[in-house]
Amino acid sequence: MVLDGKQPPYVPWDCKFTIEALDKMKAHYGDDVDVEELVDNHFIKLGASSGFKINIGNDRKKDIFGVIWDMTHEKDIGNVEGLVLPEPTLDGYEFPDPNNPMLYDGMEEKIAANKDKFILYSIGFSLFERYWTLRGMENAFLDFMMYPDFVKDLMRKIADFNIAVIKNVCERYPEVDGIYFGDDWGAQKKLMMGKDVWIEFIYPELKRMYANTKAHGKYQLIHSCGDIEEIIPELIEAGVNCINPFQPEVLDVDDLLNTYRGKVAFHGGLSTQKTLPYGTVEDVVAETKHLLEMGKDGGYIFCPSHATEGDTPIENIVAFIDLIKAQKC
Amino acid sequence: MEELFEQLAYCIEYGKINKPSPFPPDMKDKDGADEITQQLLNEGISADDILQKALIVGMEKVGVKFRENKVFVPQVLMSAKAMDAAMAHLKPHFANSPGSQKGTFIIGTVEGDLHDIGKNLVAMMVEGNGYEVIDLGTDVKAEKFIEAAEQYPGAVIGLSALLTTTMNNMEEITKAIKSHNRNIAICIGGAPVNQDFCDKIGADSYNPDPQGVVEFLNKTVE
Ligand code: B12
């Protein structure tokens, strides 16, 4: 409803928490509390937000693209170790199989258990991030300049893989409502790679992926951190229905909601860089209320502008959870 | 001569590494930073002059354009690569006459923080502006900063944090360094960091972009 630009009975929400924040919540609400149940999100996300990984021991994981992740410091996503593609060539590299059952593991059960929710299949690290996890961050930026043909080739193959996954998901699980693409392009100011580079290398493949999702009749939601305002028109043009995380420190939340209502929805908006960690309960209440008020006219789904971090006082977490849930009463 | 300095500064500004490098496309088959630096040295120009009159000039232009959002991370990295190619020729000369670099800058992301794109850019820009840079990498503890500061007396320390969670560590590290030796100058930066925070934790300088650190260093380091 919200994604179609219509007015909802109340503002829907979908909030995530990091492991450290979850620990705080357990300490507050009790160990046996099911946080999913407590928060009662409107989305259920299947798939994987940062790739499919298996444990290989020594606090390391390996994803299906062959990337090794060191989990010692960063426990949610991990930190890339070594390079799968040290040179700008795909010689000797084999792409993962989009039919790998791991990609669809447990989907049936989860769908059956969450029939009342908006069911999303998450393709995390969907393009640029997949590229840099394979080539390394610095190489990724340099490749745009030095090896444009290679970049286009690898981007295309990554998109082809995703398109094959989207096809499988949509054909096998008609209950899925939408695809959730994660890929960070924004910095605190503007795009990390600049708009020209984004348009030349990233946008063509996004359009292909999004057109495929549309062809299956699904919604498409995207996540990109940072200041992505300059590309919102292009994203709308490519058929995006919803943009997350809507970082309020870098985007003018009120202005964007009003400008784009009916064209694209926003999901996020509660400050994780300022209000949640440093604000008082009153600050959190005021900002949350304002967002919910803005969202009454539609085009908005509530959540903090990133998984809530462990530095957020528990009182602040409780404050926004109470407010969003109170809407239903 | 002036013309070669200008050409070299241009190569740094636009990221032309060497002749074979395909970037930028409109400089195909032209000499890059590598060849021109060698040519200048062959003509008897001092490494110091090359650094001051060409490399720093080019790098400063990049810094300003980056600050104004006219170029982005890829272009800055290309400039840094061109700079590396030039410095490879100059370093042996500097090694023979210590002190020709302007000063030393120690940088790292604070404990718990793995975001290093911004830190790397700062390191490159500072290096490109004639300073020796000691890059301690990511997830760096207070002790390591202090150790490095002991090793390079007079060095300025740069701390980078991209997370509100690691800003707390930035505060602790700043306090630890200052209580060890309060004369060590500390610069801080990163997306969530601001001037208020800098004042609060007692760091010496906050800057939202690399060019700002360079300006601070140029003022502070004599
Ligand atoms: C790319 C990115 C990542 C990459 C990092 C890859 C890498 N090798 O660096 C990955 C995917 C690994 C990542 C991981 C995480 N990230 Co992250 N990430 C970003 C993103 C999108 C861009 C950061 C970036 O590189 N920008 C480009 C560079 C050029 O800019 P910069 O770093 O700001 O640096 C500039 C200035 O700040 C300054 N500067 C930087 N350092 C210094 C130092 C000095 C001395 C000075 C003077 C200046 C200075 O100069 C630089 C050039 O102008 C930001 C979004 C944002 N708003 O910034 C989120 C962001 C920083 N991440 C965030 C989060 C939450 C995380 C994770 C915790 C995610 C998770 N696990 O759920 C992890 C934490 C990992 C860890 N322990 O460090 C949040 C932080 C929120 C908060 N509470 O503070 C952000 C803001 C996104 C958001 N939605 O809110 N991330």
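Heads up: the structure comes first, above all this text.
Residues numbered from 1 in each chain as written. Chains lettered and ligands numbered in written order. Predicted model: local features only at pLDDT ≥ 70, side-chain atom pairs only at ≥ 80, totals over all residues. Heavy atoms only, no water.

## A short note on the site of the ligand
Consideration 1: Lining the immediate surroundings of the ligand are 46 residues, of which Gln188(A), Leu114(B), His115(B), Asp116(B) and Ser160(B) lie closest.
Consideration 2: More than a single chain frames the ligand: its nearby residues are located in chains A and B.
Consideration 3: Ser160(B) is positioned with one of its side-chain polar atoms (N or O) 2.8 Å from a nitrogen atom of the ligand.
Consideration 4: The separation between an oxygen atom of the ligand and a polar main-chain atom of Gly190(B) is 3.5 Å. (Near = heavy atom within 4 Å. Polar contact = N/O pair within 3.5 Å; in protein donor to acceptor, adjacent residues only side chain to side chain.)

## Focus on the sheet that holds strand E2 (residues 132-135) of chain B
All names here are of chain B.
Consideration 1: Spatial ordering of the open sheet is given by E2-E1-E3-E4-E5, a layout of five strands whose pairing is parallel. Across the chains shown, the open sheet's two edge strands, defined by having one partner strand only, are E2 and strand E5 (205-206).
Consideration 2: Sheet analysis places strand E3 (residues 156-160) next to strand E4 (residues 186-189), joined by four bridges and oriented parallel. By the bridge assignment, leucine 159 is partnered in E4 with isoleucine 188.
Consideration 3: Strands in contact with helix H5 (residues 117-128) are strand E1 (104-109), E2 and E3; relative to E1, the strand with the most contacts, it is inclined by about 170°. (Pairing = 2+ DSSP bridges. Helix = DSSP H or I, 4+ residues; strand = E, 2+ residues; numbered from the N terminus. Contact = heavy atoms within 4.5 Å. Axes fitted to C-alpha atoms, helices over the stretch in contact; angles between N-to-C directions.)

## Side note on the coordination of the cobalt atom of the ligand
Consideration 1: On the protein, His115(B) (NE2) is the one donor atom to the cobalt atom of the ligand, at 2.3 Å.
Consideration 2: You can see His115(B) is positioned in the loop between E1 and H5. (Donors = N, O, S within 2.8 Å, 3.2 Å for Na, K, Ca; no water.)

## Section: a negative patch on the surface
Residues and elements named next belong to chain A.
Consideration 1: A contiguous patch of negative charge on the surface is contributed by Asp105, Glu108, Glu109 and Glu175.
Consideration 2: Mapped onto the elements, glutamate 109 comes out in helix H3 (residues 107-113).
Consideration 3: Taking the relative accessible area as the measure of exposure, glutamate 109 reaches 53% and is therefore exposed. (Patch = residues over 30% accessible without salt bridge, like charges linked within 9 Å, V, L, I, M, F, W, Y side chains within 5 Å. Areas by Shrake-Rupley, 256 points an atom, 1.4 Å probe, with all protein chains shown as cover. Salt bridge = Lys/Arg side-chain N within 4 Å of Asp/Glu carboxyl O. Lys, Arg positive; Asp, Glu negative; His and termini not counted. Charge placed at Lys NZ, Arg CZ, Asp CG, Glu CD. Buried < 20%, exposed > 50% of the residue type's maximum accessible area, 1.4 Å probe, protein only.)

## A short note on the side chain of Ser271(A)
Residues and elements named next belong to chain A.
Consideration 1: Position of serine 271 among the secondary structure elements: in the loop between strand E10 (265-270) and helix H10 (275-278).
Consideration 2: A polar contact of 3.1 Å, which involves the side chain of serine 271, links it to the backbone nitrogen of threonine 275.
Consideration 3: Excluding residues within four positions of it along the chain, serine 271 makes contact with Pro248, Glu249, Leu276, Pro277, Glu287 and Ser305.

## A word on the pairing of strand E3 (residues 60-63) of chain A
A regular strand places its side chains so that they alternate between the two faces of the sheet.
All names here are of chain A.
Consideration 1: By the bridge criterion, four bridges tie strand E2 (residues 53-57) to E3 in an arrangement that is antiparallel. The residue bridging asparagine 55 from the neighbouring strand is lysine 61, located in E3.
Consideration 2: In this structure, the hairpin formed by E2 and E3 is closed by a connection of two residues, where asparagine 58 is found at a positive phi of approximately 60°.
Consideration 3: Across three bridges, E3 lies against strand E4 (residues 68-70) in antiparallel orientation. The partner of arginine 60 across the bridge, within E4, is aspartate 70.
Consideration 4: Where E3 hands over to E4, the hairpin turn is made up of four residues, of which glycine 66 adopts a positive phi near 95°.

## Here's the deal with the nonpolar core
Consideration 1: Formed by 139 residues in total, the largest nonpolar core has its most connected members in Tyr121(A), Phe128(A), Phe144(A), Trp185(A), Ile202(A), Leu235(A) and Phe302(A).
Consideration 2: Built from parts of two domains, this core gets at least three residues from each of domain 1 (2-95) and domain 2 (104-220) of chain B.
Consideration 3: Among residues more than four places away in sequence, those in contact with Phe128(A) are Ala140(A), Phe141(A), Phe144(A), Met155(A), Asp183(A), Asp184(A), Trp185(A), Met192(A), Met193(A) and Ile202(A).
Consideration 4: Among the nonpolar cores identified, the runner-up in size contains 27 residues, and Val110(B), Ile134(B), Phe145(B) and Ala149(B) belong to it. (Core = buried A, V, L, I, M, F, W, Y, C linked by side-chain atoms within 4.5 Å. Domains from an automatic or database assignment.)

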